[in-house]
Structure formats: C-alpha cells, structure tokens
Amino acid sequence: MALSEIASKVTLGVVVVAVSTSAVAPTSTTTVAPDSRATVSHETRSIKFTSQRLKGRLIECTSENPGLAHFLTRDIAKSLENRASQASVVLYDRNTRTSCTYGADKHYDSASTVKPIILGALLLDRGVDLSEEEQDLARQMIVSSDNDATYTLWDSLGHKNIQNFLDKAGMKDTILNDAGFMGLTQVTARDQAKLLELLTAEDNSVLNAEERTYMLGLMRDVQEDQRWGTPAGAPSDAAVQVKNGWLQRSHNRLKNPWDRGDWKVNSMSAVTGHAYDYGLVVLTENNRVPEDESPEVGWDYGMETVEAVAKAIHHDLKSPPATGRPGLL
C-alpha cells in the first residue's frame, strides 16, 4: 500500500443540557467547578444534550437514551485530549436517535475519502448498468483505492457531474479541487456523514436502492489491509462499509522546505446489519513526522488517533447505559 495517495492544552468539564421539542425550561441545575469531570444535568422530557469543550471547540452529543450522550461526549474527549492530531468527528445512530459532532464543519484534504463521492456521481449519471470497464474501475477505486482507476472515472465524469451529485446529496460544504487533484477535494466530517446517511437510508431521491446497495457492497469489500480506522472496535456481527484516505502534505513546506510534512488520515464507516444502523466519520491532520523518523510514523499516529475515537464510540454504542438519569460521574 502506497504511503501517499498524492505525490495543548485541553479544557475539560462537561455541560449537559436536555433539549425539549416543546421548549420546556430545565427543571434543575447543578454547578460544578470548571476543572471537574462531573456532569451538570438538566432533566426534561425530551432528548438529552451534552457538550464538552476540547482544544477550543465543543464536542456535542444528543440522544434519546439519557446517559448515552453524556458517555459519548466524555469518551470522545478522553480519546482525543492527549493527541497532537487535529480531528473532526461526526456520529449518527438511527436506532437511539443519537448524534455527536466535533469540528464537524472544518475542511480537510479528502485524500481517498473523495472516492465514494466519485462513485456516487457515476451511479447518479449512469445507474448500475455500467460497462464492464466502468465496473472494473469502480471496484479498483473503492476496494483497493487505486488512484489511476479513480482519475479515469474523475476525468470521464467531469467536474459538472460530480458537482451535480454533491448538490443533490446536500453536500454543500464539499469543494472539488479546481486544478483537478481529486485527493485535494476539501471535505468536512458533516458532509461525509451525510453521504453515509444517504447510502443507508430508504430515500430514493438521489440514488435508488439498487445503486445504494452497489456502493455499499464495494465499501464492504474493501481489502483487509485498508480496513483500519473507524471499523476498529465495531461489533463483530455487523456489516462494516468503510473508505479511508491518507495523504502526506504540509502547507508549512512553502515557508520551510525542510518540513517533513503532515499526514492527513481520514476514515468513514457505515455500520449496518443485525439491527445496527449508524455511521462514523473521523478526519485528522497534524499527524507530524518527527525529525529523523520514518514517514510511516506520522501515518501510524493518525491511524491511532482515528482508532482511539472509533473504539470509544463503538464501545458506548454496544453497551449503552441503562435509561435513567446518569447522575454526577
């Protein structure tokens, strides 16, 4: 597998607020010291909302399961608080009506996580009745992350058709690279999660059921050595559809020609089957290569960051807290 696909201080403390669809005011409030890990809980009749500030941004989770939002917020923070990586996270779980976001709208180089977008554009334009060559290119692009196959499809579709797919999918914050470098497409965790939701929903307004099944099938077949990242810790009885991306690039090189570069390491998965129905996106950068170290060190560091988040989230979703007030922990 090629190494490249193109040649703090932490503030802790959790705030929990329950959001009511009828805008009912909180019935109780508890105050804790700002450096405490205790949870401040407001009880209402609706969805539980929690937030925790981490590295200047908020981790925010909501859930119908009282306590689950709290544990997810806390555990995402724990997984990232000692990492140098800059990271963005988006989770949705349809079964528990749970969602989490952290830096969801920050832009990252897509690397190969743009490839499901290209496949979506191909299917929107031509349906599943693809030529044998197109089927082969699509499989190479997703299953083995082949760049030559990707550029063949990218050039064949053109900017207009790919943008048309993004527009129909509501991925308004995804920016295709004007110079034609597919891996420098700018993506956000929120938009990538929209794509996973689109593929696993029953809505035929963008892609029909056959087209969605085709895409998920290829993502489920991704070769074993590329199934790292967000699948780490996923339920063993689930179907995990994954696409990862990795790229070594640094803006600092313009100022410092000796800069070894920054690894962008991204991962997205849809977890389905056996009553599972959730998706997870983790995008990272600032996975630096220390001086006199092999380039693989930065890549490995990014993978470790992604997998730390993924393991925490899968664990909480597999073993959610019992319903009832989580209390002060």
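Residues numbered from 1 in each chain as written. Predicted model: local features only at pLDDT ≥ 70, side-chain atom pairs only at ≥ 80, totals over all residues. Heavy atoms only, no water.

Draft legend 1. Looking closely at helix H3 (residues 132–143). Taking 1.5 Å per residue, twelve residues should reach 16 Å; H3 reaches 16 Å between its end C-alpha atoms and fits that length. Buried residues along H3 sit against helix H2 (115–126), helix H4 (147–169), helix H6 (209–220) and strand S9 (239–248). Ser 145 occupies a position one or two residues after H3 and carries a positive phi of about 55 degrees. (Helix = DSSP H or I, 4+ residues; strand = E, 2+ residues; numbered from the N terminus. Expected span 1.5 Å × (residues − 1). Contact = heavy atoms within 4.5 Å.)

Draft legend 2. Examining the state of the cysteines more closely. For the structure on display, the rule yields one disulfide. One disulfide in the model links Cys 61 with Cys 100; its S-S distance is 2.1 Å. Handedness here is read from the sign of the S-S torsion; for Cys 61 and Cys 100, about 115 degrees, the answer is right-handed. Of this pair, Cys 61 sits in strand S4 (residues 57–63) while Cys 100 sits in strand S6 (residues 98–102), and the two are 39 residues apart along the sequence. (Disulfide = S-S within 2.5 Å.)

Draft legend 3. How the structure looks around unusual backbone geometry. Positive phi, close to 55 degrees, is recorded for Lys 55, a residue that is not glycine. Judged by its relative accessible area of 25%, Lys 55 falls in the partly exposed class. Notably, Ala 111 is not glycine yet its phi reads approximately 50 degrees, a positive angle. (Buried < 20%, exposed > 50% of the residue type's maximum accessible area, 1.4 Å probe, protein only.)

Draft legend 4. Up close: the nonpolar core. One finds Ile 117, Ile 118, Leu 119, Phe 165, Leu 199 and Leu 207 to be the most contacted residues of the largest nonpolar core, which totals 47 residues. Contributions of two or more residues to this core are made by strand S5 (86–93), H2, H3, H4, helix H5 (189–200), H6, strand S10 (262–273) and strand S11 (276–288). Once residues lying within four places of it in the same chain are set aside, the contact partners of Leu 199 are Leu 207, Arg 212, Met 215, Leu 216 and Met 219. (Core = buried A, V, L, I, M, F, W, Y, C linked by side-chain atoms within 4.5 Å.)

Draft legend 5. Quick look at helix H1 (residues 68–80). Compared with the 18 Å implied by 1.5 Å per residue over 13 residues, the 18 Å span of H1 between its first and last C-alpha is a close match. Most of H1 sits out of view: eleven of its 13 residues are buried. Turning to H1, its buried residues number three or more, namely Leu 68, Ala 69, His 70, Phe 71, Leu 72, Thr 73, Asp 75, Ile 76, Ala 77, Ser 79 and Leu 80.

Draft legend 6. Region of the structure containing the side chain of Asn 65. Following the sequence through the fold, Asn 65 ends up in the loop between S4 and H1. At 3.3 Å, the side chain of Asn 65 forms a polar contact with the backbone oxygen of Pro 321. (Polar contact = N/O pair within 3.5 Å; in protein donor to acceptor, adjacent residues only side chain to side chain.)

Draft legend 7. Local environment of the packing of H2 against H3. Contact geometry for H2 and H3: axes closest at 9 Å, N-to-C directions at 160 degrees. With respect to their mutual orientation, H2 and H3 come out roughly antiparallel. Where H2 crosses over H3, the handedness of that crossing is left-handed. Residues Lys 115, Pro 116, Ile 118, Leu 119, Leu 122 and Arg 126 of H2 form the contact with H3, whose participating residues are Glu 134, Ala 138, Met 141 and Ile 142. (Axes fitted to C-alpha atoms, helices over the stretch in contact; angles between N-to-C directions. Parallel < 35°, antiparallel > 145°, perpendicular 65-115°, else oblique. Left-handed = near helix turned anticlockwise from the far one by under 90°.)

Draft legend 8. Focus on the environment of Ser 145. Take Ser 145: it is sitting in the loop between H3 and H4. We classify Ser 145 as buried; its relative accessible area is 7%. On a C-alpha basis, the gap between Ser 145 and Ser 112 in space is 7.0 Å, while along the polypeptide they are 33 residues apart. Here the side chain of Ser 145 touches Lys 243 through a polar contact of 3.0 Å, side chain to side chain.

Draft legend 9. Main features of the environment of Ala 193. In this fold, Ala 193 is placed in helix H5. When the C-alpha atoms of Ala 193 and Val 281 are compared, they prove to be 6.1 Å apart, with 88 residues separating the residues in sequence. Leaving out residues up to four positions away in the same chain, Ala 193 has contacts with Val 90, Tyr 92 and Val 281.

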